[in-house]
Amino acid sequence: MTSSVDIVNRALLLIGMPKKISAFTQDSVEAQAASIVYDNVRRRLLRMAPWGCALKTMNLTYISSVVGKIGRAHV
């Protein structure tokens, strides 16, 4: 399986940066930038299309409701 560090190294290569990182905690400009943006970019990409492999579903627990308060407009 491709790791997040591998993905970052491929992205660095695509933009013309031959330097590779070994971990997000590495003390380099590339690693620090990757640790800041990687998770946000990954989440945005997953939301862009209906990926079947990136879905997580769960049952929600019903807590309670107040009778007569839903759907009424207060004027």
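The coordinates are above.
What counts, and where the lines are drawn
- Residues numbered from 1 in each chain as written.
- Predicted model: local features only at pLDDT ≥ 70, side-chain atom pairs only at ≥ 80, totals over all residues.
- Heavy atoms only, no water.
- Helix = DSSP H or I, 4+ residues; strand = E, 2+ residues; numbered from the N terminus.
- Buried < 20%, exposed > 50% of the residue type's maximum accessible area, 1.4 Å probe, protein only.
- Contact = heavy atoms within 4.5 Å.
- Areas by Shrake-Rupley, 256 points an atom, 1.4 Å probe, with all protein chains shown as cover.
- Core = buried A, V, L, I, M, F, W, Y, C linked by side-chain atoms within 4.5 Å.
- 1 Å grid on protein atoms, 1.4 Å probe; cavity = no way out; pocket = protein on both sides within 12 Å on 5 of 7 lines; lining within 4 Å.
- Points joined across faces, edges and corners; volume = space filled by probe spheres on them.
- Nonpolar A, V, L, I, M, F, W, Y, C, P; charged D, E, K, R; others polar.
- Expected span 1.5 Å × (residues − 1).
- Phe/Tyr/Trp six-rings, centres within 6.5 Å; stacked < 30°, edge-to-face > 60°.

**Remarks on the overall build of the protein**
Okay, so step 1: When you go through the protein residue by residue, the secondary structure sums to two helices and zero strands.
Okay, so step 2: Expressed as a percentage of its 75 residues, the buried residues of the protein come to 12%.
Okay, so step 3: For the protein, the proportion of contacts with a sequence separation of at least 24, taken over those separated by at least 6, is 12%.
Okay, so step 4: Within the structure as shown, the protein displays about 7100 Å² of accessible surface, and the carbon and sulfur contribution to it stands at 61%.

**Things to note about the nonpolar core**
Okay, so step 1: Formed by Val5, Val8, Leu12, Ile21, Ala31 and Ala34, the largest nonpolar core amounts to six residues.
Okay, so step 2: For this core, the elements supplying multiple residues, two or more each, are α1 (4-14) and α2 (29-48).

**Some thoughts on the layout of surface pockets**
Okay, so step 1: What the largest pocket holds in volume is close to 340 Å³.
Okay, so step 2: As for the largest pocket, its lining consists of 14 residues, and the residues nearest its centre are Val8, Ala11, Val37, Tyr38 and Val41.
Okay, so step 3: Those elements that place two or more of their residues in the lining of the largest pocket are α1 and α2.
Okay, so step 4: The element contributing the most residues to the lining of the largest pocket is α2, with nine residues.
Okay, so step 5: Classifying every residue of the lining of the largest pocket by side-chain character gives 12 nonpolar, no polar and two charged.

**Overview of α2**
Okay, so step 1: For α2, which comprises 20 residues, the first-to-last C-alpha distance of 28 Å matches the rise-based estimate of 28 Å (1.5 Å per residue) to within 8%.
Okay, so step 2: Listing the buried residues of α2 in full gives Glu30, Ala31 and Ala34.
Okay, so step 3: On its buried face, α2 sits against α1.

**Side note on the packing of aromatic side chains**
Okay, so step 1: Applying the stated criterion across every chain yields a total of one aromatic pair.
Okay, so step 2: When the ring of Phe24 is compared with that of Tyr38, the centres are 5.5 Å apart and the planes differ by 40°; the resulting orientation is tilted. Of the two residues, Phe24 sits in the loop between α1 and α2 while Tyr38 sits in helix α2, which places them 14 residues apart along the sequence.
Okay, so step 3: A relative accessible area of 23% means that Phe24 is categorised as partly exposed.

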